Amino acid sequence: GVSLDVDPAADHTWYVAGGYDPAKIDTNDNDHIDYLLESLRKLAVAVQGVGAETKIPVISMPHGAVTDGGYALCMGSYVLATEESSVRILNPSRGLSFDPIGYSYILPRLGWEYNQESKKYPGCGMIMALSGYEANSSDMIETGLATHLMGDSGMLPILEEELATLPPWN
């Protein structure tokens with residue numbers, strides 16, 4: 001296998017997460033399909049929390065490509081995009097529905113969280129969903145798919161160390 005300690009080639013993008021591979025699903029195994037979809041839904045709820053009752057902030061840094069249900073890992077309190085980060089929704093182009101992570105809720109509301117300029121253009125989410133458009137890190141910030149842009153992904157170890165020194169939630 002390839003070691004993650006090695007920098008990728010200039011034309012290589014790390015693949016962060018993608019939910020499941022629909023080409024490998026046995027369409028006759030309804031129990032397994034239900035299990036996959038329910039697992040993604042539970043992951044999205046666990047990361048995002050339940051309304052105002054959530055006390056643990058989740059910080060994710062997708063340093064690479066995120067597709068379809070893999071975005072469940074980016075639904076936390078803070079999403080730190082790097083220059084390598086991107087989000088793409090491919091399942092509709094494969095004739096499949098959205099993953100059960102809330103895209104039908106998220107996409108029409110892009111830009112609402114922080115009153116970004118993209119709020120004025122509700123078609124942004126529709127374009128992403130129907131065309132397979134790949135939102136780069138700037139797009140992610142402008143639409144609220146990410147909360148912050150990290151100019152230097154090498155800062156992640158420092159951020160992790162600093163966060164680890166914070167006192168626990170009481």
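For the structure, see preceding data.
Let us look at the structure shown here. The residue count restarts for each chain, going from 1 along the sequence in the order it is written. Where local features are concerned, this predicted model is filtered to residues with pLDDT of at least 70; where side-chain atom pairs are given and counted, the filter is 80 or more; whole-chain, interface and lining totals use all residues. The side-chain values count all of the structure's non-hydrogen atoms but skip hydrogen atoms and water molecules.

What makes a salt bridge here is a side-chain nitrogen of Lys or Arg within 4 Å of a carboxyl oxygen of Asp or Glu, nothing more. Evaluation of the coordinates by the stated rule reveals two salt bridges. Note that Glu117 and Lys120 form a salt bridge whose closest N and O atoms lie 3.3 Å from each other. Classification of Lys120 by relative accessible area gives exposed; the value is 59%. A 1.4 Å probe rolled over the protein chains alone gives each residue an accessible area, and that area as a share of the maximum for its type sets the label: buried under 20%, exposed over 50%, partly exposed in between.

Another aspect to go through is the packing of aromatic side chains. Two aromatic rings from Phe, Tyr or Trp, using only the six-membered ring of Trp, form a pair when their centres are within 6.5 Å; if the ring planes differ by under 30 degrees the pair is stacked, by over 60 it is edge-to-face, and anything between is tilted. Counted according to the given criterion, the structure contains one aromatic pair. Geometrically, the ring pair formed by Tyr71 and Tyr103 is stacked, given 6.0 Å between the ring centres and 20° between the ring planes. Highlighted residues: Tyr71 in the loop between strand 3 (65-67) and strand 4 (78-81) and Tyr103 in helix 2 (residues 103-106), separated in sequence by 32 residues. Looking at Tyr71, the relative accessible area reads 4%, which means it is buried. A residue is classified by how much of its surface remains accessible, and Tyr103, at 2% relative accessible area, is buried. Labels follow the DSSP assignment, with helices taken as runs of H or I lasting at least four residues and strands as runs of E lasting at least two, numbered in each case from the N terminus.

The topology assignment puts Ser104 in helix 2. Classification of Ser104 as exposed rests on a relative accessible area of 56%. For the pair Ser104 and Ala129, spaced 25 residues apart in the sequence, the C-alpha separation amounts to 9.3 Å.

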